[in-house]
Amino acid sequence: MQEILTAVTYLVGWFMLDRVFGIESGLIKMLISVGAAVGVYILMAVVEHREKNEGADDRGKK
């Protein structure tokens, strides 16, 4: 799921930078899109890690 969301973030970011913001430079679009995709990937990993730890804590308390 993380990888799919990362790929979609890259494509949506590229499209928005091209169509909405009108950025012509391919290098700038690539750097911003990849940065956003990596950010989403890291954010999803942190959320998944926290959920896993909360589940482990709940099992230990029972």
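Definitions and cut-offs
- Residues numbered from 1 in each chain as written.
- Predicted model: local features only at pLDDT ≥ 70, side-chain atom pairs only at ≥ 80, totals over all residues.
- Heavy atoms only, no water.
- Patch = residues over 30% accessible without salt bridge, like charges linked within 9 Å, V, L, I, M, F, W, Y side chains within 5 Å.
- Areas by Shrake-Rupley, 256 points an atom, 1.4 Å probe, with all protein chains shown as cover.
- Salt bridge = Lys/Arg side-chain N within 4 Å of Asp/Glu carboxyl O.
- Helix = DSSP H or I, 4+ residues; strand = E, 2+ residues; numbered from the N terminus.
- Phe/Tyr/Trp six-rings, centres within 6.5 Å; stacked < 30°, edge-to-face > 60°.
- Buried < 20%, exposed > 50% of the residue type's maximum accessible area, 1.4 Å probe, protein only.
- Contact = heavy atoms within 4.5 Å.
- Expected span 1.5 Å × (residues − 1).
- Arc of directions from axis to C-beta.

Chemist: Outline a nonpolar patch on the surface, listing residues and values.
Modeler: A surface patch of nonpolar side chains, about 680 Å² in accessible area, is lined by L27, M30, L31, V34, V38, Y41, I42 and V46. Mapping L27 onto the fold places it in helix α2 (residues 26-61).

Chemist: Could you give an account of the packing of aromatic side chains, with specific residues and numbers?
Modeler: For the structure shown, the criterion picks out 1 aromatic pair. Geometrically, the ring pair formed by Y10 and W14 is tilted, given 6.1 Å between the ring centres and 40° between the ring planes. Of the two residues, Y10 and W14 are both situated in helix α1 (residues 2-20); the distance of 4 residues between them amounts to about one turn of the helix. Judged by relative accessible area, which is 28%, Y10 ranks as partly exposed.

Chemist: Give a detailed account of the side chain of T9, specifying residues and quantitative values.
Modeler: As for its placement among the helices and strands, T9 is situated in helix α1. The buried category is assigned to T9, whose relative accessible area is 17%. If we ignore the near neighbours within four places in the chain, the residues touching T9 are A36, A37 and V40.

Chemist: Kindly report on the environment of G13, identifying the contributing residues and their values.
Modeler: Structurally, the position occupied by G13 is in helix α1. Residue classification places G13 among the buried residues on the basis of a relative accessible area of 18%.

Chemist: Summarise the pattern of salt bridges; cite the residues concerned and give the values.
Modeler: According to the stated counting rule, one finds 2 salt bridges in the structure shown. For D18, the salt bridge is made with K29, and the minimal N-O distance between the two is 3.3 Å. With D18 in helix α1 and K29 in helix α2, this residue pair connects regions lying 11 residues apart in the sequence.

Chemist: Break down α1 for me, citing the residues and quoting the values.
Modeler: The terminal C-alpha atoms of α1, which comprises 19 residues, lie 26 Å apart, in line with the 27 Å expected from a rise of 1.5 Å per residue. Every buried residue belonging to α1 is among Q2, T6, T9, G13 and L17, and all of these are buried. Within α1, the buried residues cover an arc of 55° as seen down the axis, which keeps them to one side. Exposed and oriented more than 90 degrees from the buried face of α1 are I4, L11 and R19.

Read these as spatial facts, not as claims about activity.
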